[in-house]
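Below, each chain spelled out in residue letters.
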Amino acid sequence: MVSRGERGPPAGDLAALAELSEAALLGGLRERFLRQQVYTDIGDILIAVNPFQPLPLYGREVSERYRHHETGALPPHIFAVASRAYHAMLGRRGGGPLNQCIVISGESGAGKTESTKLLLQHIMNLCRGNSQLEQRILQVNPLLEAFGNAQTVMNDNSSRFGKYIQLRFQKNTVQGAKLSEYLLEKSRVVQQDTGERNFHIFYYMFAGLSSEEKEMYGLLDPSLYRYISGRFGTQDVAQRWKHKYQEVCNALDMVGFQEQEQVDMQAILAGVLSLGNVTFEPEESNGSVKVSKTSWGWLKAAAGQFGVQEDELLKCLICTMSVTRGEQIQRFHTQQQAEDARDSIAKVAYGRVFGWIVCKINELLAENVDPEVELREIGILDIFGFENFAVNRFEQLCINLANEQLQHFFNHHIFQLEQAAYKEEELPWETITFNNNEPILNLLLAKPLGLLSLLDEQSAFPQGTDKTFVDKLNINFKGNLHFQPARGRVLGFSIIHYAGKVVPGADDKFNSTRKQSAGAQFRHSLMVLMEKMYSANPHFVRCIKPNSQKEPGVVDNQVVLQQLRYNGLLETIRIRRDGFSWRPSFEEFAERYGILLVKPDVSLTKESCLEILRSTELTGWICGKSKLFFKYWHEEQLAKYMERLERAAVVIQKVFRGFRCRKSYLKLVAELRAQAQWLQEEAERERSRQLAAEAEAQKRISLPVPMPRKRRPQPCPHPPDQPPQPPVPRPRSKLTESTPFDNFLDPSAPRPVLGTEEIGEEAKMRRLKRGATLRWFKETQAQKVMQDDGAFPDWLHGMISRREAENLLIHKPLGCFLVRISQSRPGYILTYRGESRCRHYMIQMQPNARYVILGEDRAHTSLTELVQYHQTVGIQPFMELLTVPCGQKSSESLDDRNLECLTLGAPAAEGETSPEEQACPSRPSTIRPALQSGAAMVLRHVWFRRSKNCQKEQSLEKSGTKPCSGKERGSQRAFPRLHSSIRLAMQEIQQFSSSPSNTSLQSCCQAVSIEDVKPK
């Protein structure tokens, strides 16, 4: 049964092309791109063309428009893909709740990484709640970019690894995230081709670290390091890198990395660079090698930065230890083997750091829910694009294999499954041919005669060489259309991928145990990834690179056409135009949309499905033997019918609830009126009885009866041996007793009334939370918030309520603010005087001792730094600037007497009593003893730490060392584990570099680099 109509694809959809040809497809994409419409639909598949420039397409207002996306109502956008995946995960798009995955593919430089960030941004906007988890998830991308991306000849920000981000949801709220990484290109650490750079983080560190921090980590001029080829950049580039380094540090703080962990991580990265400068020379006696005299300092520095002993690192470089029959055998390396060992250690160290970062992210972002709670997922795959360089190594082989798998996944869902369903249901269908890349996958992955299997087999032979490996490939793949042997006597071969021919580099050693293990691991992880994707509902984003020069507004027809051809987009348009991408069974459709018939007990049969469809105005669908076949836009049309029915149900519920409430109200009013009438009648009857009694009394006239005289009360005599006792005062309410951080600044503000004590479990829990927050402030925060002069900032107003804070700011100018201690949790609340009302921003204290305003994307090391930052940068989402702090009323004394008693100056003299034993000079003598004792309890702990710090500062001043600043008080600065060893090694390197024989070399190196940029 067929139903067809005039409804077609929406605007901006290439499936609506009247003429289906390469020229028409290229012309449509080109025309839209030149109008800065970089997104185009092919049915439910998005084509994204990299504009190579920022466009005003991703602001908050645009994201709000795509929260409830309707095809045809808005132009194609990356946010629309995120909305479709999110609503499909929740079961709002024609099916039950299902796991979703978004597959982003394209060449290197086509814009996959930016598309991933935009997808994450919009999904977090869709599920935004009152937690900081969304912001922490968004900070994962800049963190991984710094450690996993690098500049290549094709892309300035190329992902040198693949990642699959799994966002886990409970209903419509994100509960956690998990990250999987694939095949980090570790060879880039030790070698970069012409026009390329090492990973970003190395350059960010040189540009962003201060001189003191470089000295701490043991970093010298960047031109001295071999692993970054002695190249750094211009002044403008260094400024941009410095800003990126600050973003990385903020991302580490936001995600939750501890300060010591960050220091250790950067020390290891410095050790990788130092290790690259270690050189070797042959020993004259036994033919082994030794570390050259000029690089002993670098070896010591690397050992200190890695946190290991120098002799242990040396053994790993110059010899190999093996155990045979319980006996240790030591084999010394040749010079080439020692250099290979050095580079291998550097690559493994960097790979371990990257893997540790990923594991730490998963640990910090793991969901904290009951294991029995079912969670749904949205997975986003951002993996390296197809690559074909002048020199292609083993990593390029694995990268292109992953792209072959993704292309096969696309073909499987778009062509194979769909056309197999048409054949099975016996629908009239003309088969669409497509470029099937299954033979290429068999060439690479088949067992036991696939390329990777043969590599594993050859690597197991001790006598195996690259020649024997290539000869075996030539024998097994002779006549294969996707394998070409090298011509003449050149040792090599070529693989014809779906995207073009790739020739592996001649200098790459294929016969290697390392490649064997890396290949096996990559195959396994790729298999696990594909299993996850095949179990989810896919959404595809195909990224296109408009030109190879990375120029904005330029379209190279040949470059674009080549990508359209090998991606099979012409065939994709044909199958999306003529095919049916949504194919539910009769049972699934009737169960989901049976409510449209507005009758109970709808049977899950073919007849019910047809009745449902006849009740709608849907056209263009086909009914098969066991399934219904719909166009990709039919899901949204049915969703509109469901929404209309849901709105009608809401109206019915509203009217019914109003009727029920009105009925209850009228019944209650009637009862009250009846009760009032009864009371009135009773009052009238009582008055009648009183009148009758008075009349009866007037009839009986009798003489008055005299009243007895009252005796005056006599005082109670006291025993002669006891003094007179004072009167017992009336008990006071605990609500009027100030705690050490109560701050009733406004005398006219309403105070708690005597005798109104809170009772019950809720009041008890409130008091317990309040006490716990006070202890938290006393023990961990009081000293950190104090200024250098021992006083609290004037914007800190202790523990006051929301209403008291608003009363303080009600007559203040716009932008006035104060910070108060939360009464219910460890943390602070920033109260801001807005235009029409006061806003209250929660300040969260993270486990790594960083301060974050809830919903902000920046972490701060101190409360003072947070306030200073938002005096120049507005608070989201209203971008409100802090202008004037709400100070104390009196300039001579603090309004909060208890905070005033905590402010301290430097100790006057030795033997002086502690502050709790002194009278506060500005405190009146009428202060209650309870307040004095409460402040003394707080002060005892603070004063001892304060006096101890003062003694340290005095000793540092005598020794000439600079004391710690106020910002660093309360937290000891983190240092690398072997900081002293690093300093000694750096001194040795600098002494050697300053010798006359090395003066010319040093001057040449300094000429290559630029001056270090001093931080603010």
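Residues numbered from 1 in each chain as written. Predicted model: local features only at pLDDT ≥ 70, side-chain atom pairs only at ≥ 80, totals over all residues. Heavy atoms only, no water.

Q: Quick one: what's the story with the packing of helix 14 (residues 394-424) against helix 16 (residues 451-459), residue by residue and with numbers?
A: When two helices pack together, their arrangement is captured by the angle between the axes and the distance separating the axes. Interaxial distance between helix 14 and helix 16 falls to 13 Å at its minimum, and their mutual angle equals 145 degrees. Here Phe394, Leu397 and Leu401 of helix 14 come into contact with helix 16, specifically with Leu451, Leu452 and Leu455. The residue makeup of the contact of helix 14 with helix 16, split by class, is six nonpolar, no polar and no charged. (Axes fitted to C-alpha atoms, helices over the stretch in contact; angles between N-to-C directions. Helix = DSSP H or I, 4+ residues; strand = E, 2+ residues; numbered from the N terminus. Contact = heavy atoms within 4.5 Å. Nonpolar A, V, L, I, M, F, W, Y, C, P; charged D, E, K, R; others polar.)

Q: Requested: an account of the sheet that holds strand 19 (residues 817-821), with residues and values cited.
A: Taken in spatial order, the four strands of this open sheet run 19-20-21-22, and their pairing is antiparallel. With partners counted over all chains shown, the strands left at the sheet margins are strand 19 and strand 22 (851-853), one partner each. Averaged over all neighbouring strand pairs, the angle between strand axes comes to 25 degrees, with direction disregarded. Here strand 21 (residues 838-845) pairs with strand 22 via three bridges, running antiparallel. (Pairing = 2+ DSSP bridges.)

Q: Report on the sheet that holds strand 12 (residues 376-382), specifying residues and quantitative values.
A: Taken in spatial order, the seven strands of this open sheet run 1-2-16-3-12-6-7, and their pairing is mixed. Each edge of the sheet is formed by a strand with only one pairing partner; in this case those strands are strand 1 (39-42) and strand 7 (173-182). Along the sheet, successive strands turn relative to each other by an average axial angle of 20 degrees, direction set aside. Here four bridges tie strand 2 (residues 45-49) to strand 16 (residues 537-544), and the two strands are oriented parallel to one another. The residue bridging Leu46 from the neighbouring strand is Val541, located in strand 16.

Q: Give a description of the packing of aromatic side chains that names residues and reports values.
A: Within this structure, the stated rule accounts for 30 aromatic pairs. Each ring, one from Phe161 and one from Phe354, has its centre 5.0 Å from the other, and the planes form 70 degrees; the classification is edge-to-face. Taken as a pair, Phe161 in the loop between strand 5 (158-159) and strand 6 (162-170) and Phe354 in helix 13 (residues 335-364) lie far apart in primary sequence, 193 residues in all. Aromatic pair Phe202 and Tyr350: ring centres 5.6 Å apart, planes at 35 degrees, arrangement tilted. Of this pair, Phe202 sits in helix 7 (residues 200-208) while Tyr350 sits in helix 13, and the two are 148 residues apart along the sequence. Classification of Phe202 as buried rests on a relative accessible area of 1%. We classify Tyr350 as buried; its relative accessible area is 1%. Every member of this aromatic cluster is reached through a ring pair, and the members are Trp776, Phe777, Phe792, Tyr828 and Tyr851. Over the ring of Phe410 we find Arg542; its NZ or CZ atom is 4.1 Å from the centre of that ring. Over the face of the ring belonging to Phe580 we find Lys631, whose NZ or CZ atom lies 4.5 Å from the ring centre. (Phe/Tyr/Trp six-rings, centres within 6.5 Å; stacked < 30°, edge-to-face > 60°. Buried < 20%, exposed > 50% of the residue type's maximum accessible area, 1.4 Å probe, protein only. Lys NZ or Arg CZ within 6 Å of the ring centre and 35° of its normal.)

Q: Lay out the pattern of salt bridges in plain terms, naming residues and giving numbers.
A: All chains considered together, the criterion is met by 37 salt bridges. Arg160 serves as the salt-bridge partner of Glu387, at 2.6 Å between the closest nitrogen and oxygen. Taken together, the residues Glu387 in the loop between strand 12 and helix 14 and Arg160 in the loop between strand 5 and strand 6 connect sequence positions 227 residues apart. With a closest N to O distance of 3.0 Å, Arg188 and Glu196 form a salt bridge. Residue classification places Arg188 among the buried residues on the basis of a relative accessible area of 2%. Linked by salt bridges that have partners in common, Arg160, Glu185, Arg188, Glu196 and Glu387 make up one network. (Salt bridge = Lys/Arg side-chain N within 4 Å of Asp/Glu carboxyl O.)

Q: How would you explain unusual backbone geometry if you had to name every residue and give the values?
A: Of the consecutive residues Lys447 and Pro448, the connecting peptide bond is found in the cis state with omega at 5 degrees. Within the fold, Pro448 resides in the loop between helix 15 (438-445) and helix 16. Cis rather than trans, the peptide bond between Gln876 and Pro877 has omega equal to 0 degrees. Structurally, the position occupied by Pro877 is in the loop between helix 26 (863-869) and helix 27 (897-902). The residue Lys550 is not glycine, and still its phi comes out positive at about 60 degrees. Following the sequence through the fold, Lys550 ends up in the loop between strand 16 and helix 19 (557-566). Lys550 sits in the partly exposed class, given a relative accessible area of 27%. Positioned with a positive phi, Val598 is a non-glycine residue whose angle comes to about 50 degrees. With respect to the secondary-structure elements, Val598 resides in the loop between helix 21 (586-593) and helix 22 (606-614).

Q: Break down empty space enclosed by the protein for me, citing the residues and quoting the values.
A: Enumeration according to the criterion identifies nine cavities of 30 Å³ or more in this entry. In this structure, the largest cavity spans a volume of roughly 120 Å³. Lining the largest cavity are 16 residues, and of these Ser105, Gly106, Tyr498, Arg542 and Asn567 lie nearest its centre. Among the residues making up the lining of the largest cavity, the classes are represented as eight nonpolar, six polar and two charged. (1 Å grid on protein atoms, 1.4 Å probe; cavity = no way out; pocket = protein on both sides within 12 Å on 5 of 7 lines; lining within 4 Å. Points joined across faces, edges and corners; volume = space filled by probe spheres on them.)

Q: So what about the side chain of Ser83? Which residues, and what values?
A: With respect to the helices, strands and loops of the structure, Ser83 is situated in helix 3 (residues 78-89). Judged by its relative accessible area of 1%, Ser83 falls in the buried class. Within the local environment of Ser83, its side chain forms a polar contact with the backbone oxygen of Tyr66, the two atoms lying 2.5 Å apart. (Polar contact = N/O pair within 3.5 Å; in protein donor to acceptor, adjacent residues only side chain to side chain.)

Q: Give a description of the confidence of the model for the protein chain that names residues and reports values.
A: Low-pLDDT portions of the prediction should not be read for the details of their coordinates. On average, residues of the protein chain score 80 in pLDDT, and 80% of them are at 70 or above. The model gives residues 956-971 a pLDDT under 50, and that stretch makes 16 contacts with residues more than four places away or in other chains. Segment residues 997-1016 is flagged for pLDDT under 50; beyond a separation of four residues in sequence, or across chains, it makes 31 contacts in the model. (pLDDT = per-residue confidence, 0-100.)

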